[in-house]
Amino acid sequence: MYPIFDTHAHLQDPDFAEDLDQVLENLLEAGVGRVVLPASDLADSYRAADLALQHPGLYCVLGCHPHEAKSWTAESRQELADLIQKTQAQARAQGREKVVVGIGEIGLDYHYDFSPRPIQAQVYRDQIELAAELGLPIVVHEREAFEDSYNILARAKADGLLDLPFACHCFSGSVESADRLLKLGAYLGFDGPLTFKKSRKPLEVLAAMPEDRWLLETDSPYLTPEPFRGKRNDPSKLTFIARKAAEIRQETYESILEQNWHNACRFFSLDPDPSKDILA
């Protein structure tokens, strides 16, 4: 059976500060092989990069979340670019091909509006341009801002900035919205809400997805799946998401883990050999 690949988990989050070693040990026992750590701002990017460098099988996507867009400057962009290049050099010195596998999570969030919307849009575009310069895919956060986010992505595609695929983290839109994104080259991420009793749209979308364009994620420590809602999430609980995905797609649990592994390795340009660079 293929290892579990959690494509989006904030293990560098303060919620894991007191027991991270135990959490990582538990992940090994649960069969987790790789985890991608997304960042929310520059400080978080440093934490994610440092943690990923410490453990084979951990990777990171670095960037500025729309909540933190108001803090982004031209200096921030250069600092992020320097951090990415430094981290990749450190990874190569360890014998790993790379540790940074994307820019993220970036996008728009109109639910909280912690940063003004025009600034969110500007920082989103700026990081798409940076990702294109560095040859990295992007991981998108979008909440209650579908049309504006889609238009930014479509413009970037028209401008030649989205030659690589992009991932829409925690997708919660309609089948029609998913189809529009797929035509731009998107992968869609699915997590705990697949298991929620009142969820409908994510289930419909995953059922209709091409087999090679979906990803599974936990968004740890958030969005804990049933039957653990209300407790801290971690990548070991991706098993519950994968089992629900198997039910939705009418496939076996093992085939879901295998397809998720190959989809994630393809998206992040990682060696698909399940014995290489995994948690140990």
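Just so you know, these numbers come straight off a predicted model, no measurement behind them.

How each quantity is defined
Residues numbered from 1 in each chain as written. Predicted model: local features only at pLDDT ≥ 70, side-chain atom pairs only at ≥ 80, totals over all residues. Heavy atoms only, no water. Helix = DSSP H or I, 4+ residues; strand = E, 2+ residues; numbered from the N terminus. Rg over C-alpha atoms; globule rule 2.2 N^0.38 Å. Buried < 20%, exposed > 50% of the residue type's maximum accessible area, 1.4 Å probe, protein only. Contact = heavy atoms within 4.5 Å. Areas by Shrake-Rupley, 256 points an atom, 1.4 Å probe, with all protein chains shown as cover. Lys, Arg positive; Asp, Glu negative; His and termini not counted. Charge placed at Lys NZ, Arg CZ, Asp CG, Glu CD. Polar contact = N/O pair within 3.5 Å; in protein donor to acceptor, adjacent residues only side chain to side chain. Pairing = 2+ DSSP bridges. Right-handed = clockwise from strand over helix to strand, strands pointing away. Salt bridge = Lys/Arg side-chain N within 4 Å of Asp/Glu carboxyl O. Axes fitted to C-alpha atoms, helices over the stretch in contact; angles between N-to-C directions. Left-handed = near helix turned anticlockwise from the far one by under 90°. Nonpolar A, V, L, I, M, F, W, Y, C, P; charged D, E, K, R; others polar.

Visitor: Looking at this model, I keep getting lost on the overall build of the protein chain. Mind explaining?
Guide: On a plain count of helices and strands, the protein chain comes out with nine helices and eight strands. Over its C-alpha trace the protein chain gives a radius of gyration of 17 Å, about what one expects of a compact globule, namely 19 Å for 280 residues. Across its three principal directions, the C-alpha atoms of the protein chain cover 45 × 45 × 35 Å. When burial is assessed residue by residue, the protein chain has 56% of its 280 residues classed as buried. Contacts in the protein chain between residues far apart in sequence, at least 24 positions, make up 73% of those at least 6 positions apart. Surface exposure of the protein chain reaches about 12,100 Å², of which carbon and sulfur atoms provide 49%. The distance from the centre of the 29 positive side-chain charges to the centre of the 45 negative ones in the protein chain is 4 Å.

Visitor: Can you help me understand the side chain of Thr-218 in this one?
Guide: One can find Thr-218 in the loop between strand E8 (214-216) and helix H8 (238-249). Taking the relative accessible area as the measure of exposure, Thr-218 reaches 0% and is therefore buried. Only 2.5 Å separates the side chain of Thr-218 from the side chain of Asp-6, close enough to count as a polar contact. Reaching out from Thr-218, the side chain makes a polar contact with the side chain of Ser-220 at a distance of 2.6 Å. In contact with Thr-218, other than residues within four places in its own chain, are Asp-6, His-8, Ala-9, Asp-191, Leu-223, Asn-233, Asp-234, Pro-235, Lys-237, Leu-238 and Ile-241.

Visitor: How should I be thinking about the pairing of strand E7 (residues 186-190) in this particular structure?
Guide: In summary, the side chains of a regular strand alternate between the two faces of the sheet. Counting buried positions along E7 gives five out of five residues, so the element sits mostly inside the fold. Where burial is concerned, the two faces of E7 agree: the one with Ala-186, Leu-188 and Phe-190 and the one with Tyr-187 and Gly-189 are both buried. The sheet contact formed by strand E6 (residues 166-168) and E7 spans three bridges and is parallel. Considered in E7, the bridge of Ala-167 is made with Tyr-187. Pairing analysis gives three bridges linking E7 to E8, with the strands arranged parallel. Across the sheet, Gly-189 pairs through a bridge with Leu-215, a residue of E8. For the crossover from E7 across helix H7 (residues 201-208) to E8, the handedness is right-handed.

Visitor: When you look at the pattern of salt bridges in this model, what are you seeing that I'm missing?
Guide: Pairing is possible between side chains of opposite charge, provided their charged atoms come close. The tally for this structure, following the rule as stated, stands at 17 salt bridges. The residue Glu-133 makes a salt bridge to Arg-77 at a minimum N-O spacing of 2.5 Å. With Glu-133 in helix H4 (residues 117-134) and Arg-77 in helix H3 (residues 74-93), this residue pair connects regions lying 56 residues apart in the sequence. Under the relative-accessibility criterion, Glu-133 is labelled exposed at 55%. The residue Glu-251 makes a salt bridge to Arg-249 at a minimum N-O spacing of 3.2 Å. Given a relative accessible area of 14%, Arg-249 falls into the buried group.

Visitor: When you look at the sheet that holds strand E2 (residues 32-38) in this model, what are you seeing that I'm missing?
Guide: Adjacent strands of a sheet pair through backbone hydrogen bonds, lying either parallel or antiparallel. The eight strands lie next to each other as E1-E2-E3-E4-E5-E6-E7-E8, forming an open sheet whose pairing is parallel. The open sheet has two edge strands with one neighbour each: strand E1 (4-6) and E8. For this sheet, the mean inter-axis angle between neighbouring strands, taken without regard to orientation, is 25°. Running at roughly 135° to E7, helix H6 (residues 175-184) makes contact with E6 and E7 of the sheet.

Visitor: Explanation requested: the packing of H4 against helix H5 (residues 146-158) in the structure shown.
Guide: Relative placement of two packed helices is described by the angle separating their axes and the distance separating the axes. Put simply, H4 and H5 touch, their axes get as near as 11 Å, and they point 30° apart. Considering how the two elements wind past one another, H4 and H5 form a crossing that is right-handed. In contact with Ala-121, Tyr-124, Arg-125 and Ile-128 of H4, H5 contributes Ser-149, Ile-152, Leu-153, Arg-155 and Ala-156. When the residues that make up the contact of H4 with H5 are grouped by side-chain class, the tally is six nonpolar, one polar and two charged.

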